[in-house]
Amino acid sequence: MGNMIKIASVMVMTALLISGNSFTSNGETDPDHAQMMEISCQSCHKNINVDISQSHAECTHCGCINHFDG
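Values in this document were obtained by computation on a predicted structure and should not be read as measured data.

Caption draft 1: Molecular detail of the state of the cysteines. All told, the structure shown has 0 disulfides when counted by the stated rule. Summary of cysteine pairing: C62 is not part of a disulfide, and the nearest cysteine sulfur, belonging to C41, is at 3.8 Å. Sulfur of C64: no disulfide; nearest cysteine sulfur belongs to C41 and is 4.4 Å away.

Listed below in structure tokens is the structure:
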């Protein structure tokens with residue numbers, strides 16, 4: 001069950017990243033359109049809230065850099 005949730009989360013993140021709705025003309029993320037999502041850290045597996053419109057996020061628990069590749 002836990003793996004299905006992780007797979008679904010990655011699929012949603014990928015779809016949102018591909019849509020690119022939150023990017024400005026210079027490629028940076030517009031802070032007014034942050035796409036926050038709770039994900040499981042790739043290293044310690046604890047849940048963290050991240051802006052998935054970014055390409056990566058640091059885990060607040062273990063410091064691991066989680067990458068979101070589409």
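Caption draft 2: Up close: the nonpolar core. Among the nonpolar cores identified, the biggest contains 10 residues, and these are M13, M37, I39, C41, I48, V50, I52, A57, C59 and F68. At the level of secondary structure, the elements contributing two or more residues to this core comprise β1 (36-40) and β2 (47-51). In contact with A57, other than residues within four places in its own chain, are V50, C64, I65, N66 and F68.

Caption draft 3: Quick look at the side chain of S53. Along the chain, S53 falls in the loop between β2 and β3 (56-58). At a separation of 2.6 Å, a polar atom in the side chain of S53 contacts the side chain of D51.

Caption draft 4: Structural detail: the side chain of N66. On the secondary structure map, N66 appears in strand β4 (residues 65-67). Take N66: its relative accessible area is 1%, and that puts it in the buried class. There is a polar contact of 2.7 Å between the side chain of N66 and the backbone nitrogen of Q42. Residue contacts for N66: discarding those within four places in its chain leaves S40, C41, Q42, I48, S55, H56, A57 and C59.

Caption draft 5: Summary view of a nonpolar patch on the surface. Taken together, the side chains of M4, I7 and M11 define a hydrophobic patch exposed on the protein surface, amounting to about 350 Å² of accessible area. Mapped onto the secondary structure, M4 falls in helix α1 (residues 2-19). With relative accessibility at 58%, the residue M4 sits in the exposed group.

Caption draft 6: Representation of the environment of I5. Position of I5 among the secondary structure elements: in helix α1. Owing to a relative accessible area of 51%, I5 belongs among the exposed residues under this scheme.

Caption draft 7: Quick peek at the pairing of β1. The two faces of β1 differ: M37 and I39 on one face are buried, but M36, E38 and S40 on the other face are not. Here 5 bridges tie β1 to β2, and the two strands are oriented antiparallel to one another. Paired with M36 across the strands is D51, a residue of β2.

Rules of the game
Residues numbered from 1 in each chain as written. Predicted model: local features only at pLDDT ≥ 70, side-chain atom pairs only at ≥ 80, totals over all residues. Heavy atoms only, no water. Disulfide = S-S within 2.5 Å. Core = buried A, V, L, I, M, F, W, Y, C linked by side-chain atoms within 4.5 Å. Buried < 20%, exposed > 50% of the residue type's maximum accessible area, 1.4 Å probe, protein only. Helix = DSSP H or I, 4+ residues; strand = E, 2+ residues; numbered from the N terminus. Contact = heavy atoms within 4.5 Å. Polar contact = N/O pair within 3.5 Å; in protein donor to acceptor, adjacent residues only side chain to side chain. Patch = residues over 30% accessible without salt bridge, like charges linked within 9 Å, V, L, I, M, F, W, Y side chains within 5 Å. Areas by Shrake-Rupley, 256 points an atom, 1.4 Å probe, with all protein chains shown as cover. Salt bridge = Lys/Arg side-chain N within 4 Å of Asp/Glu carboxyl O. Pairing = 2+ DSSP bridges.

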